[in-house]
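Residue-level structure breakdown
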Amino acid sequence: MSHNEAMAGMNNLDMSEKAKPLLAAVIKHIRENVDPMTDEFFRLGEGRADRWSYAPGQLELLEEAKQKARDAGLWNFFLPNAETGEGLSNLDYAYIAAELGKSPLAPETLNCNAPDTGNMEVLERIGTPEQKEQWLKPLLAGEIRSAFAMTEPDMASSDAKNISTSAVLENGEWVINGEKYYISGAGDPRCKIMITMVKTSPDADPFRQQSQILVPIDTPGVEIVGPMHVFGHDDAPHGHMHIKFTNVRVPEENILWGEGRGFEISQVRLGPGRIHHCMRSIGSAEKALDLMIERGLSREAFGKKIIDLGKNMETISRAKIEIEAMRLMVLKAAKAMDVLGNKEARIWVSMIKAMVPEKVCNIIDQAMQVHGATGISQWSPLSGMYTSQRTLRFADGPDEVHHHVIARAEVKDYQESNLRTSRARDEIATGRTRGGV
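Here the structure is a predicted model, which is why all the values come from computation and not from measurement.

Across its full length, the chain carries 12 helices and nine strands. Scaling as 2.2 N^0.38, a compact globule of 437 residues should have a C-alpha radius of gyration of about 22 Å, and the chain matches this with 24 Å. Along the longest, intermediate and shortest principal axes, the C-alpha atoms of the chain span 90 × 75 × 45 Å. Looking at the chain as a whole, 49% of its 437 residues are labelled buried. Contacts in the chain between residues far apart in sequence, at least 24 positions, make up 73% of those at least 6 positions apart. Accessible area for the chain stands at about 21,600 Å²; split by element, carbon and sulfur atoms hold 52% of it. Between the centroid of the 51 positive side chains of the chain and the centroid of its 61 negative side chains there is a distance of 5 Å.

It is worth spelling out the UniProt feature "domain: Acyl-CoA dehydrogenase/oxidase C-terminal" (unreviewed entry) in the chain at this point. The feature "domain: Acyl-CoA dehydrogenase/oxidase C-terminal" (unreviewed entry), as annotated in UniProt, sits at residues 260-409 in this numbering. Across residues 260-409 one finds 76% helix and 3% strand; the C-alpha atoms that close the span lie 26 Å apart.

Mapped onto the elements, Leu291 comes out in helix α8 (residues 262-298). Between the C-alpha atoms of Leu291 and Asp154, which are 137 residues apart in sequence, the distance is 40 Å.

The subject of this paragraph is the side chain of His242. Along the polypeptide, His242 turns up in strand β7 (residues 240-251). Note on His242: relative accessible area 16%, which makes it buried. At 2.5 Å, the side chain of His242 forms a polar contact with the side chain of Glu179. Non-local contacts of His242, meaning those with residues more than four positions away in its chain, are made with Glu179, Lys180, Tyr181, Glu223, Ile224, Val225, Gly226 and Met228.

Once that is clear, we can look at the side chain of His277. In this structure, His277 sits in helix α8. In this structure His277 touches Ala114, Leu392 and Asp396, once residues within four positions along its chain are discounted.

We now examine the packing of helix α4 (residues 90-100) against helix α9 (residues 312-340). Orientation of α4 relative to α9, taken along the N-to-C sense of each, is 150°, at an axis distance of 8 Å. By the criterion of interaxial angle, the relationship of α4 to α9 is roughly antiparallel. Contacts between α4 and α9 involve Asn90, Leu91, Ala94, Tyr95 and Ala98 on the former and, on the latter, Arg327, Leu331, Ala334, Lys335, Met337 and Asp338. A breakdown of the residues in the contact of α4 with α9 according to their chemical character gives seven nonpolar, one polar and three charged.

Moving on, we get to a positive patch on the surface. On the surface, Lys343, Arg346, Arg408 and Lys412 cluster together to form a positively charged patch. Tracing the chain through its elements places Arg346 in helix α10 (residues 346-371).

Turning to the packing of aromatic side chains, a few remarks are in order. Counted under the stated rule, the structure contains six aromatic pairs. Relative to Tyr386, the ring of Phe231 lies with its centre 6.4 Å away and its plane at 40°, an arrangement referred to as tilted. Highlighted residues: Phe231 in the loop between β6 (222-227) and β7 and Tyr386 in helix α11 (residues 382-392), separated in sequence by 155 residues. Assessed through its relative accessible area of 55%, Phe231 is described here as exposed. Linked through ring pairs, Phe41, Phe42 and Tyr54 together constitute an aromatic cluster. Over the ring of Trp257 we find Arg261, and its NZ or CZ is 4.0 Å from the ring centre. The residue whose ring lies beneath Arg269 is Phe148, and the NZ or CZ to ring-centre distance is 4.1 Å.

With that out of the way, let us pick up helix α7 (residues 129-140). Taking 1.5 Å per residue as the helical rise, α7 with its 12 residues ought to reach 16 Å, whereas the 14 Å between its terminal C-alpha atoms falls clearly short. Gln131, Trp135, Leu136, Pro138, Leu139 and Leu140 are the residues of α7 that are buried. Each element contacted by the buried residues of α7 is listed here: α6 (116-126), β1 (145-149), β4 (191-199) and β5 (210-216). The first or second residue beyond α7 is Gly142, which carries a positive phi of 70°.

Helix length check: α10, at 26 residues, gives a terminal C-alpha distance of 38 Å against a target of 38 Å (1.5 Å per residue), a fit within 8%. Phi for Gly372, located one or two positions after α10, is positive at around 70°.

Okay, the packing of α6 against α8 next. Axis separation between α6 and α8 bottoms out at 9 Å; the angle between their running directions is 135°. The orientation of α6 relative to α8 falls into the category oblique. As for how α6 packs across α8, the hand of that crossing is right-handed. On α8, the residues that touch Gly118, Asn119, Glu121, Val122, Arg125 and Ile126 of α6 are Ile265, Val268, Arg269 and Pro272.

Here strand β3 (residues 173-184) runs beside β7; their pairing, made up of nine bridges, is antiparallel. Residue pairing for β7: Trp174 is matched across the bridge by Val250. Pairing analysis gives five bridges linking β6 to β7, with the strands arranged antiparallel. For Val222, the partnering residue across the bridge sits in β7 and is Phe245.

With the rule as written, the count across this model stands at 27 salt bridges. In this structure, the salt-bridge partner of Lys20 is Glu17, at a minimum N-O distance of 2.9 Å. Taking relative accessible area as the criterion, Lys20 reaches 40% and is therefore assigned partly exposed. Of the charged contacts in the structure, one is a salt bridge between Asp234 and Arg51, with a shortest N-O distance of 2.6 Å. Taken together, the positions of Asp234 in the loop between β6 and β7 and Arg51 in the loop between α2 (20-45) and α3 (58-71) put the pair 183 residues apart, joining distant regions of the chain. Each of Glu99, Lys102, Glu286, Lys320, Glu324 and Arg327 takes part in salt bridges that share partners, so that together they form one network.

How each quantity is defined
All residue numbers here refer to positions counted from 1 along the written sequence of the relevant chain. Totals for whole chains, interfaces and linings use every residue, but because this is a predicted model, local features are given only for residues with pLDDT of at least 70 and side-chain atom pairs only at 80 or more, for both listing and counting. Hydrogens are left out, water is left out, and the side-chain values use all remaining heavy atoms of the structure. Here a helix means four or more residues in a row that DSSP labels H or I, a strand means two or more in a row labelled E, and each is numbered from the N terminus. Here the globule rule reads 2.2 Å times residues to the power 0.38, and the radius of gyration is calculated from C-alpha atoms. Burial status follows relative accessibility: with a 1.4 Å probe on protein chains alone, a residue under 20% of its type maximum counts as buried, one over 50% as exposed, and anything between as partly exposed. In this analysis, two residues are considered to be in contact whenever any of their non-hydrogen atoms come within 4.5 Å of each other. What sets the accessible areas is the Shrake-Rupley method with a 1.4 Å probe; for residues, cover comes only from the shown protein chains. All tallies of charge rest on Lys and Arg as positive and Asp and Glu as negative; His and the ends of each chain are not included. Charge positions are represented by NZ for Lys, CZ for Arg, CG for Asp and CD for Glu. UniProt positions are given in the numbering used here, feature names are shortened, and annotations may be inferred rather than shown by experiment. Polar contact is defined as a pair of N or O atoms within 3.5 Å, subject to the rule that within protein one atom must be able to donate a hydrogen and the other to accept it, and that residues adjacent in sequence are counted only when both atoms are side-chain atoms. In this analysis an axis means a line fitted to C-alpha atoms, helices contributing only their contacting stretch, and an angle means the value between N-to-C directions, from 0 to 180 degrees. In this scheme, roughly parallel covers angles under 35 degrees and roughly antiparallel covers those over 145, while 65 to 115 is roughly perpendicular and the rest are oblique. Residues are grouped as follows: nonpolar covers Ala, Val, Leu, Ile, Met, Phe, Trp, Tyr, Cys and Pro; charged covers Asp, Glu, Lys and Arg; every other residue, Gly included, is treated as polar. The patch calculation keeps residues exceeding 30% relative accessible area without a salt bridge and links them within 9 Å when they carry like charges or within 5 Å when they are nonpolar (Val, Leu, Ile, Met, Phe, Trp, Tyr). A pairing counts as a salt bridge when a side-chain nitrogen of Lys or Arg comes within 4 Å of a carboxyl oxygen of Asp or Glu. Pairing of aromatic rings covers Phe, Tyr and Trp, the last counted by its six-membered ring, and requires centre-to-centre distances within 6.5 Å; plane angles under 30 degrees mean stacked, over 60 mean edge-to-face, and any other angle means tilted. Cation placement over rings: the criterion is NZ of Lys or CZ of Arg within 6 Å of the ring centroid and within 35° of the ring normal. Each helix should span, by expectation, one fewer than its residue count multiplied by 1.5 Å. Handedness of each helix crossing follows the sense of rotation of the near helix against the far helix: counterclockwise by less than a right angle gives left-handed, clockwise gives right-handed. DSSP-based pairing: two strands are paired if at least 2 bridges between them are found.

Structure, rendered in structure tokens:
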């Protein structure tokens, strides 16, 4: 396909016919198997003695829903490889991810939950047969969970070149020393493996200094110091953990794709991962809008339904407009990845990553306002939804980095266009001179 044909194809945002039954089945699964048990799942977890474990009955509810998903063929469909997943395009999966974003438990019941999705995609694409057998196989089966360890407390980790956790090859083993924080999912007792970003080649070119290494979480020298809080919450038992690595030794073959390829690996996971995040975010925005309308219709103040007070009807209108605008942007970014590839689509991916979490935060904030004090309390899911979305403005790169990527590309395009125009004018002028005009 030529570049011009690919660009023309980007405007076709229809879901494929083969994926439509899958979307319908996912919606049915969430409605019949996930929503009915969600309240009970969280109720069972209240007041448990160990916050970093699951209460009796919680995992049983989750496993029952997972088994129903397996039986219905709704399993691992985020993977583009048809041998291990459903072989969906990024565009097809984007439609499904929006439905997953409406439920806090739905992604895990389908084995489509972060950070496992990104880690599985990396292992599926570039893992050795031994790495796939040891770690990808149980992840694909939903038997274990995983984490991605990159961010460091003493470095501006938004510039991944700053990552300083060291890995030195010594007698056939990588010896790892350093400190990470906000490592999502590492608090879960089912988390068994971390893909860890380290510096292996400090004297190489800046983008060849980093590598990614598989580190089992129970390796001697791995110390989970404790949870980092988000707006005062520890998000147990999932957690966003502070971890120290002190002379952690793992086999040389635990490196992924070879030394110095950490940045290349990140590009494998970040493009699809950001699309998944953004479409789930849109699902959260739709949920917040539903809650806003429900609250506005069910309460009265000053002789009117709350929905009719002030500018609440306009707020609902604007939220719906923003949701549909975001949806089109994310679908187009997904289509760009399908027809242009991850590298060429990076500007589109940065655009949605900079746009969506911020706008979804605004919609959830407006929903909280309509709810009054309940909107920021434990009686409403909105406060937790807001926390997740606000966190996304840092995860996978802060807003500012994405805005810089977009603006840099736009400035470059402008300068190159001006240069082409200037050269064309010069050629015309030169031709006129030679012709005696």
